[in-house]
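Here are the chains, one letter per residue:
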Amino acid sequence: MARVRLNVAERREEMLRAAVGQIELRGVSSVRIADVASALGVSNALVLYHFSTKEKLVAAAFAYAAEADLAHLRKLLARRTSAVRRLRAAVRWYAPTGQAKGWRLWIEGWAASLRHPALREVAGDLDQRWKAELAQVMAEGAAADEFRCEDPRSAAWRLTALLDGMAVQTISYAGPLSRATMLRWTDEALARELGIDLAALTGSAVADAPDAG
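Let me begin by describing the structure that accompanies this report. (Residues numbered from 1 in each chain as written. Predicted model: local features only at pLDDT ≥ 70, side-chain atom pairs only at ≥ 80, totals over all residues. Heavy atoms only, no water.)

1. Points about the overall build of the protein chain
Helices and strands together make up the secondary structure of the protein chain, namely 10 helices and 0 strands. Residues counted as buried form 45% of the 213 residues belonging to the protein chain. In the protein chain, the proportion of contacts linking residues at least 24 apart, taken out of those at least 6 apart, comes to 67%. Accessible area for the protein chain stands at about 11100 Å²; split by element, carbon and sulfur atoms hold 54% of it. (Helix = DSSP H or I, 4+ residues; strand = E, 2+ residues; numbered from the N terminus. Buried < 20%, exposed > 50% of the residue type's maximum accessible area, 1.4 Å probe, protein only. Contact = heavy atoms within 4.5 Å. Areas by Shrake-Rupley, 256 points an atom, 1.4 Å probe, with all protein chains shown as cover.)

Dropping the structure here:
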């Protein structure tokens, strides 16, 4: 069967989706241009025409996948409800037990970025944007007197550091932490950063469990 002819943007997106799948399957260090080409039934030369090197393809694939999670984070944080509810929904979705799709890819990216400057630049920029989104809502909630958070940027750093660490333990090491334990720690950390009681956090946010949409 003849392949459907795609425009440049569609072809690039197809290759990025395939690259994400191959990275998740094989890892950054083992994936090859040939793997992506084979998954799509195209030539190596076509993939290289669009991305020129494996390093550029990997960096673009990482950004493509992470941008999808970042868009969903923004959707959660843009809800028309209290800052507390928005933050809890976002943080519980972002946690390793939540529905964010990119954790395995993030961990692969962190490891590979030690050796690949292009990927390091992309990963660092995306990481900063995640923190900035959380910090902005923390600042909004503090300004509205929902809670006290004197340094939203630092609070966002501490909170994401905890979640990143739990992700490594859960995904890389298959750690013994239960889902209930990690979600409790997530709630406790968020309540601590916002200067509110855990009961107040869980009570006010009970209707805002994270969704997959």
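2. Let's talk about helix 9 (residues 179-194)
When the terminal C-alpha atoms of helix 9 are compared, their 23 Å separation across 16 residues agrees well with the 22 Å that a helix rising 1.5 Å per residue should span. Where helix 9 is concerned, the buried positions are Thr181, Met182, Leu183, Thr186, Asp187, Ala189, Leu190, Ala191, Glu193 and Leu194. (Expected span 1.5 Å × (residues − 1).)

3. Quick look at unusual backbone geometry
With the exception of glycine, the majority of residues adopt a negative phi angle, and the majority of peptide bonds are in the trans configuration. A positive phi angle is found at serine 52, which is not glycine, with a value near 70°. Summarising the element assignment, serine 52 is placed in the loop between helix 3 (44-51) and helix 4 (54-77). The backbone phi angle of aspartate 145 is positive, close to 65°, even though this residue is not glycine. Checked against the element boundaries, aspartate 145 lands in the loop between helix 7 (117-143) and helix 8 (152-172).

4. Remarks on helix 8
For helix 8, spanning 21 residues, the distance from its first C-alpha to its last is 29 Å, which sits close to the expected 30 Å at 1.5 Å a residue. Among the residues of helix 8, Pro152, Ala155, Ala156, Leu159, Thr160, Leu163, Asp164, Met166 and Ala167 are the ones counted as buried. Along the axis of helix 8, the buried positions cluster into a sector of 165°, meaning they face one direction only. Each element contacted by the buried residues of helix 8 is listed here: helix 5 (83-94), helix 6 (103-113), helix 7 and helix 9. (Arc of directions from axis to C-beta.)

5. So, the pattern of salt bridges
Inspection of every chain in the model, using the stated rule, returns 14 salt bridges. Here glutamate 14 ties to arginine 11 by a salt bridge, and the two come within 2.8 Å at their closest N and O atoms. A residue pair is termed a helical-turn pair when its members lie 3 or 4 positions apart in one helix, as glutamate 14 and arginine 11 do in helix 1 (residues 8-26) at 3 residues. Note that arginine 17 is salt-bridged to glutamate 13, the shortest N-O span being 3.5 Å. (Salt bridge = Lys/Arg side-chain N within 4 Å of Asp/Glu carboxyl O.)

6. A few points about the packing of aromatic side chains
Enumeration over the complete set of coordinates arrives at 2 aromatic pairs. Geometrically, the ring pair formed by tryptophan 93 and tryptophan 130 is stacked, given 6.1 Å between the ring centres and 10° between the ring planes. Of this pair, tryptophan 93 sits in helix 5 while tryptophan 130 sits in helix 7; the two residues are 37 residues apart in sequence, bridging distant segments of the chain. Both residues of the pair, tryptophan 93 and tryptophan 130, count as buried. Centroid distance tyrosine 94 to tryptophan 130: 4.6 Å. Interplanar angle 40°. Geometry classified as tilted. Taken together, the residues span a long stretch of sequence, with tyrosine 94 in helix 5 and tryptophan 130 in helix 7 at a distance of 36 residues. (Phe/Tyr/Trp six-rings, centres within 6.5 Å; stacked < 30°, edge-to-face > 60°.)

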